[in-house]
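# Structural features, examined
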Amino acid sequence: MTSHETLGVAVIGTGRMGADHVRRINEVISGARVAAVVDIDAARVKHLADGIEGCTAYTDPAAAMDDPGVDAVLIASPGPAHEAALLDAFARDLPVLCEKPLTPDAASALRVLEAEQALGHRRVQVGFMRRYDADYRTLKSLLDQGTYGRPLMLHNKHRNPGSPPGFTNAMMVNDSLVHEIDVTRWLLAEEITAVRVLRPAPTGNAPEGLSDPQLILFETAGGQVVDTELFVNCGFGYQVSCEAVCEGGTARIGDDHGVFSNTAGHWGGAITPGFVERFEEAYDRQVQRWVNATRRGEIEGPSCWDGYAAAAVCEAGVRAQTTGERVAVELIERPALYR
C-alpha cells in the first residue's frame, strides 16, 4: 500500500486488551481504521462492529484476514491462540502486531520463528510496549550513547496492587516478569543466559498457594547481573522502575510520575492504580509506530526472535521457581533475519 492510504486493521480478540486497541485505532491514532473485529463471542463482536463504520464482525480469524478491506492484523487474543493466527497471517503475507506473548512456550515460538524465516522477511512486531514508554526510551538512549559508561547491573521493581483470581506462580513469570525479561534484553542488548528465583516469606495479602513477592536474578551473556523485585499483591498501587548501574554513574526511571505536592500537614503524590494508566501513552505510541511503519512497507520493533527469547527465559524462570536452582536459558543460534 502507499503511505497515504488508510491501513485497514483486523483486531483479533476483543477482550480487555483487544477492545482497548479497537478504541485506540478508532479514536487516538492516525492512518488506520478498524476494518474487522474477531472473537469467538459472536454477540460481543457484532455489537462492537455495529458501532464502527465499515467494520465487519467475524468469529474466524482466517475469514477476517480474507476480507478485502484488511491490510494488517492486530492479535490480542489469548496466548494459546496466537500461533494459528500468526500462521494464517503468514499464509497471506500480512503484517502483524502481536500482543505478548508471541506464543505461550518456546517450542511454539520457535515454530512461528521458522515460519516467518521461510517467508524470507519479517512480518511480526511483538507487543512489548515498555520499549515505547518515554522513560524507558530515555534510559535506552543514555545506555546506547555510553553516557554513564558500560552498564554493570540493572535493578528492577514491578509491583501490582493485587493479582487477579486464579493467578499462579508460573503466571508471575509468564505474565508479569516477561516485561522485565524483554527490557533487560533490550536495554543491555544482551541475551539472558541464566535465571534464579528467591522466594521470601509471602505476604498475607497473597492468595493461598501464591509465593509473593519474589526476587529474580538474571545473568547475561555480557556478564551483567539483573535483579527484579516482583510483588503482585503489594496492595497500594502499580509501580515499575528500573535503575541502571554503570561504570561511570547510575540512571533510574519510574520513581516520579505526576505532581508532587506540599500542603498543610502532608506532602507527596499519587501512585498509578494499574498498568493501563501507567503505560497508556506507550500503548498509543506502539500502535502508531506500527501503523506508520506498515504504511511505509516496513516492519520494526520487537521481533519474533524477541518473542522466542522471552519465552525461553520464561521457561527457565518457571523451572528456577520450582527447583530453587540456577537454571540456564536454552536458545538456538540467532538467525540472520533477526540480527
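Each residue is numbered by its place in its chain's sequence as written, counting from 1. Given that this is a predicted model, residues contribute local features only at a pLDDT of at least 70 and side-chain atom pairs are listed and counted only at 80 or more, while totals for whole chains, interfaces and linings are drawn from all residues. Derived side-chain values reflect all non-hydrogen atoms in the structure, with water molecules and hydrogen atoms excluded from consideration.

As recorded by an unreviewed UniProt entry, the protein chain carries the name Inositol 2-dehydrogenase and is attributed to Streptomyces platensis. UniProt positions are given in the numbering used here, feature names are shortened, and annotations may be inferred rather than shown by experiment. Its UniProt record gives the protein chain a comment under Subunit (unreviewed entry), which states: "Homotetramer."

## Brief notes about the overall build of the protein chain
Under the scheme used here, helices are H or I runs from DSSP no shorter than 4 residues and strands are E runs no shorter than 2 residues, and both carry numbers assigned from the N terminus. Scanning the protein chain from N- to C-terminus turns up ten helices and 15 strands. The globule rule used here is 2.2 Å times the number of residues to the 0.38 power, and the radius of gyration it is set against is calculated over C-alpha atoms. Relative to the globule expectation of 20 Å for 339 residues, the C-alpha radius of gyration of the protein chain, 20 Å, shows essentially globular dimensions. Considered along the principal axes of its C-alpha atoms, the protein chain spans approximately 55 × 55 × 45 Å. When each of the 339 residues of the protein chain is scored for burial, the buried share is 52%. We call two residues in contact whenever any of their non-hydrogen atoms come within 4.5 Å of each other. By sequence separation, contacts in the protein chain at least 24 residues apart represent 72% of the contacts at least 6 residues apart. Burial classification: accessible surface area is computed with a 1.4 Å probe over protein chains only, and a residue below 20% of its type maximum counts as buried, one above 50% as exposed, and the rest as partly exposed.

## What about the UniProt feature "domain: Gfo/Idh/MocA-like oxidoreductase N-terminal" (unreviewed entry) in the protein chain?
As annotated in UniProt, the feature "domain: Gfo/Idh/MocA-like oxidoreductase N-terminal" (unreviewed entry) corresponds to residues 8-128 in the numbering used here. The straight-line gap between the two end C-alpha atoms of residues 8-128 is 22 Å; of that span, 41% is helix and 22% is strand.

## Observations concerning the pairing of strand β8 (residues 192-198)
A pair of strands counts as paired when DSSP detects no fewer than two bridges linking them. As defined by bridge partners, β8 adjoins strand β9 (residues 214-220) across six bridges and the pair is classed as antiparallel. Within β9, the residue paired with Val197 across the bridge is Ile216. Relative to strand β15 (residues 327-328), β8 is paired through two bridges, and the arrangement is antiparallel. Bridge pairing in β15 places Ala194 opposite Ala328.

## Focus: unusual backbone geometry
Between Lys100 and the following residue, Pro101, the backbone shows a cis peptide bond with an omega angle of 0°. The residue Pro101 is located in the loop between β5 (96-99) and α5 (106-119) in this model. Between Asp212 and Pro213 the backbone carries a cis peptide bond, its omega angle lying at 10°. Its location among the elements puts Pro213 in the loop between β8 and β9. With phi around 55°, Asp93 is a residue other than glycine that occupies positive phi space.

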